[in-house]
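# Fold and geometry: a report
So you can see what is in the structure, the chains are spelled out below.
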Amino acid sequence: MAFKADEHARIVIIGGGAIGCSLAYHLGRAGESDVLLLEKANLTEGCTWHAAGLVGQLRGKKNLTRLMQNSVAVYDRLEEETGVAIDWRKVGSLRLAASPERWSEIRRSMTQARSFGFECHSLGAEEAEKLFPYIDPEGVVGAAFIPSDGYVDPSGLTQAYARGARTAGITLRERVLVTDIVVEGSRAVGVVTDHGTIGCEILVNCAGLWAKRVGELAGLALAAGVVEHQYFVTEKTLDYAPDLPTLRDPDKNFYLKPDVGGFAIGGWEAGSKSCWRSKPPFEFGRELFEPNMERLELFALPAAERLPVLNEVGIQTIINGPIPVSADGEPVMGLAPELDNVFVACGFTAGIAASGGAGEAMSNWILHGDPGMDLWAFDVRRFGAPHAVGGYLEARSIEAYGSYYQIHWPQDESTAGRNLRLSPLHDVLKNSGAVFGSKFGWERPTWFAPGGVEPVDRHSFEAKPNWFEHVAEECRAIRERVALIDQTSFAKFEIEGPGALDALQNLCANRLSETPGVCTYTQLCNERGGIEADLTIMHLEEDRFYLVTGSGFGVRDGHWVRSHLPRDGSVHMREVTSALGVINICGPRSRDILQAVSNADLGNEAFPFLAVRNIEIGMAPVRAARVGYVGELGWELHIPSEYVRHVYEQLWQAGEDHGIANAGYRAIDSCRLEKGYLYWSGDIGPDYNPYEAGLGFCVALDKGPFLGSAALADIVETGVTRRLCSFTVDGFAPFHGSEAIIHNGATVGYATSSGYGHSVEKTISLGYLPLELVLQTDFEIEAFGNTYQAVRGPRCLYDSKMQKLKA
């Protein structure tokens, strides 16, 4: 029976905190007035009311920094625009480093700031003390100052958003509890509340602490956790200048906000407590928990060491309340992949700082289908069902909270929620010295420690990490002999039906083979020509295809494809990730070894590059595809899970006389940089088109219309304004990505990815240059305050004629 509502609004927002009210405000500014915001209590009464209100902008990615900058732009105008006081103080922020490792981390952030065009200043200990006279500078080795940061009154800010929304004709209704969400097919058609039913065309979950619970009403699995967070406010006995900046001392694990003659001081201590398995009761409102003095001491005592004045002033108030923390500590935003019209904006640990930019991005997403910038690091589709399981989410959110001020090493891995999804080869590889990382819950080998070497990561910012030489040996095996790489974690889908070929041709930029037995590397583009996905499609049978994409992109890419397939029943899509393991055999001896265990003809004529065939290895059926990501002769072997170990053992035994070795994902990254192969979410994404990324060979404009083809044709007509280029530095340089690219003293770009090429013995960076600079060769790359002479050269640094790949 069709849902009949008592009333209707085009857009219904659930949640009246800073995020929900900001979204309502921005929708109003965009001219959308048929909007209804529902708040179960009063505005701000989730966690907004007890937030500290610090506003920091610099993040590890350019677009994430832009989102925070957009917040500051909103705060600069909001009070004058609405007439509601928000107490926005743009006093700047000071971040201290009290160890060489922390100083390396902060200097890396400042290099990123320069590459983004973001103002940030490097200070010594004495300069930091002048800005914040209360600190004891002992042990401080450096500091960063961002003049445009500050703090704001969270409640005033939210009320200003609300005033702006109401002025635009939007309705905000308080003390209305949503008790159910009505779903028909793939759409939410309305909500049931304790005051009646409301129909809608678009539903937005901005429920803050209750986001996971509200999501479940619509069948959504959200990785939005809740943990306890504490801060204290000192007595108001201090006399300081009104422009005293905010302070962060991550080595002492505390942050500080000036608070009318006192300080508000909080921290991110290890071992916080998860709340309600991330599903608070709807009855919980403007409430706090009892203080936990043991946990408070973990940041209060170190804070007193840095700020001796704390030994003279007392504590006036201790706040211990619940805050949102997602499974990776970042916000959760975007269109939920399970339904066609339900958006989410939740999991904001720093919701006050992000609210202005997040509301603007979500308004764009809802009204225009795009947030205005690539926000993959915040996208709801980076998570899947495994992340939303209560036990996993609890472990990961507690870890994410406690690691907020820990040193974030390059290629660092989480330790919580591990050993969840295991390849059939996990134990074999572990016994061979594998050091595992985690991707989408899967354990994946990053590198292999030889006998006598401890199989643990020892990270470094500016020196070679402990795995450097061991990864070099894995690369030598790939380039000179043969290696096996467990890539079982690939996300995999089968697409079949009489309309499958036409549907995929309409979606892919490249031309899919109409004849089965061929792999196609392709991008999936949006209407602007931006790259939404980068993947491989294998044509298995006349009406049957097999799509393979990165481990962390399965939800996103699967959703993109599924949402563009015809809904007339002519095409069916199902995920088969767990059903199939993948072994990549690669290297110049790979054909010899594979031929030794298979009767299939593996010669170039019978099995050319980009072919896919069903073969047998030992006693196992295998789907073999002559593709790879390292640029060597090789095959991806897609194997029913129960046969994976048998196939591995057959290959290993046949390869022992050839010097066969295991290799991990860090060796893959080194090899792909040498080949100039790209990584989606780093080198390419929705903000980039194939032509500027050097992927024009994957665009078949002559095959007929496809999604994005009109925009791509226009780009061909008008030309690109930038191109992705490759830069090299002789020998080792401490590059990890986002380094500033400099020409004639000016920053002209940033590294989209960086690493060391063990075969070419050079440090490699990829990055976009303005078109007028792409023929220049002499550049500098800045890292950790130092500049390195870099040469812009050919994109492919290894086997540029593909002779080895196609041998």
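For the structure itself, look to the data block above.
Residues numbered from 1 in each chain as written. Predicted model: local features only at pLDDT ≥ 70, side-chain atom pairs only at ≥ 80, totals over all residues. Heavy atoms only, no water.

Moving on: the side chain of E494. Counting through the fold element by element, E494 comes out in strand β22 (residues 491-496). According to the relative accessible area criterion, E494 is buried, its value standing at 6%. Among the polar contacts listed, one links the side chain of E494 to the side chain of R544, at a separation of 3.0 Å. E494 has contacts with R544, F545, Y546, H572, M573, R574, V576 and R623, leaving out every residue within four places of it along the chain. (Helix = DSSP H or I, 4+ residues; strand = E, 2+ residues; numbered from the N terminus. Buried < 20%, exposed > 50% of the residue type's maximum accessible area, 1.4 Å probe, protein only. Polar contact = N/O pair within 3.5 Å; in protein donor to acceptor, adjacent residues only side chain to side chain. Contact = heavy atoms within 4.5 Å.)

For a regular strand, side chains alternate in direction, first toward one face of the sheet and then toward the other. Judged from the four bridges that link them, strand β17 (residues 332-335) and strand β18 (residues 342-346) form a sheet pairing that is antiparallel. Residue pairing across strands places L335 opposite F343, the latter belonging to β18. (Pairing = 2+ DSSP bridges.)

Moving on: the layout of surface pockets. Put simply, the second largest pocket is a space of about 640 Å³. Forming the walls of the second largest pocket are 26 residues, and the residues nearest its centre are W365, G369, D370, E532 and W560. Listing elements by their share of the lining of the second largest pocket, those giving two or more residues are α8 (351-368) and α14 (554-563). No other element matches α14, which puts four residues into the lining of the second largest pocket. Its residues placed into classes, the lining of the second largest pocket shows 10 nonpolar, six polar and 10 charged. (1 Å grid on protein atoms, 1.4 Å probe; cavity = no way out; pocket = protein on both sides within 12 Å on 5 of 7 lines; lining within 4 Å. Points joined across faces, edges and corners; volume = space filled by probe spheres on them. Nonpolar A, V, L, I, M, F, W, Y, C, P; charged D, E, K, R; others polar.)

This part covers the sheet that holds strand β34 (residues 746-757). Taking strand neighbours around the barrel as the criterion, the six strands line up as β32-β35-β34-β33-β36-β37 in a closed arrangement whose pairing is antiparallel. Geometrically, the sheet is characterised by an average inter-axis angle of 40° between neighbouring strands, direction not taken into account. Taken together, the three bridges between strand β33 (residues 740-743) and strand β36 (residues 778-783) define a ladder with antiparallel strand orientation. Looking at the pairing, I741 lines up with I781 of β36. (Axes fitted to C-alpha atoms, helices over the stretch in contact; angles between N-to-C directions.)

Moving on, we come to the state of the cysteines. Evaluation of the coordinates by the stated rule reveals zero disulfides. C206 provides the cysteine sulfur closest to C346, a residue in no disulfide bond, and the two sulfurs are 8.2 Å apart. Look at C346 and you get buried, because its relative accessible area is 1%. Free of any disulfide, C698 has its nearest cysteine sulfur in C525, 9.8 Å distant. (Disulfide = S-S within 2.5 Å.)

One pass over the full model with this rule turns up 31 aromatic pairs. Ring plane angle 65° and centroid distance 5.6 Å describe the contact between Y75 and W88, whose orientation is recorded as edge-to-face. Residue Y75 is located in helix α2 (residues 62-82), and its partner W88 is located in the loop between α2 and β4 (93-97); the two are separated by 13 residues in the primary sequence. Overall, the relative accessible area of 2% leaves Y75 in the buried class. Geometrically, the ring pair formed by F732 and Y756 is tilted, given 6.4 Å between the ring centres and 55° between the ring planes. Taken together, the residues F732 in the loop between β32 (722-730) and β33 and Y756 in strand β34 connect sequence positions 24 residues apart. (Phe/Tyr/Trp six-rings, centres within 6.5 Å; stacked < 30°, edge-to-face > 60°.)

On to helix α17 (residues 665-675), then. Along α17, 10 of the 11 residues are buried, which leaves the element largely enclosed by surrounding structure. What α17 keeps buried is the set Y665, R666, A667, I668, S670, C671, R672, L673, E674 and K675. Turning to α17, the residues buried within the fold contact β20 (442-448), α12 (468-480), β21 (483-486), β34 and β35 (762-770).

The next subject is the nonpolar core. Of all hydrophobic cores here, the largest spans 49 residues; its most connected members are I13, V204 and M333. Counting only elements with at least two residues in this core, the list comes to β1 (7-14), α1 (18-29), β2 (35-39), α2, α5 (154-167), β11 (196-205), β18 and α8. Counting residues per element, this core draws most heavily on α8, at eight residues. Each residue touching V204, except ones within four places of it in the same chain, is listed here: I11, V12, I13, I14, L23, F343 and I366. I198, C200, L203 and V214 belong to the second largest nonpolar core, which has 38 residues in total. (Core = buried A, V, L, I, M, F, W, Y, C linked by side-chain atoms within 4.5 Å.)

Here we take up the pattern of salt bridges. When the charged atoms of two side chains with opposite charge come close together, those side chains can pair. Counted by the stated rule, this structure contains 42 salt bridges. Put simply, E32 and R10 hold a salt bridge, and the shortest N to O gap is 3.1 Å. Of this pair, E32 sits in the loop between α1 and β2 while R10 is found in strand β1, placing the two residues 22 residues apart along the sequence. Accessibility expressed as a relative area gives 23% for R10, which makes it partly exposed. Through salt bridges with shared partners, one network takes in E494, E541, R544 and R574. (Salt bridge = Lys/Arg side-chain N within 4 Å of Asp/Glu carboxyl O.)

Right, let's talk about the packing of α2 against α5 for a bit. The geometry of α2 relative to α5 is characterised by a closest axis approach of 10 Å and an angle of 60° between their N-to-C directions. Between α2 and α5, the interaxial angle falls into the category oblique. Seen from above, α2 lies across α5 with left-handed handedness. Contact with α2, carried on its side by V74, Y75, L78 and T82, involves L157, A160, Y161, R163 and G164 of α5 and no other residues of that element. (Parallel < 35°, antiparallel > 145°, perpendicular 65-115°, else oblique. Left-handed = near helix turned anticlockwise from the far one by under 90°.)

Position of T349 among the secondary structure elements: in the loop between β18 and α8. We classify T349 as buried; its relative accessible area is 19%. If we ignore the near neighbours within four places in the chain, the residues touching T349 are W268, I323, P324, V325 and G329.

What follows is about the pairing of β4. Burial of β4 is extensive: four of the five residues sit out of reach of the surface. Where β4 lies against strand β6 (residues 142-146), five bridges are found, and the strand directions are antiparallel. Bridge assignment links S93 to a residue of β6, and that residue is I146. Sheet topology places β4 next to strand β13 (residues 246-249); three bridges connect them, and they run parallel. Of the residues in β13, the one forming a bridge with L94 is L247.

This brings us to empty space enclosed by the protein. This model, assessed by the stated rule, comprises four cavities of 30 Å³ or more. The space that makes up the largest cavity amounts to roughly 60 Å³. The wall of the largest cavity is formed by R59, M68, G329, E330, P331, F348, T349, A350 and Y404. In terms of residue class, the lining of the largest cavity is built from five nonpolar, two polar and two charged. In this structure, the second largest cavity occupies an estimated 40 Å³ of space. Lining the second largest cavity are R108, T111, Q112, G737, S738, E739, E782, A783 and F784. For the lining of the second largest cavity, the secondary structure elements donating two or more residues are α3 (100-116) and β36. Across the lining of the second largest cavity, the residue classes break down as two nonpolar, four polar and three charged.

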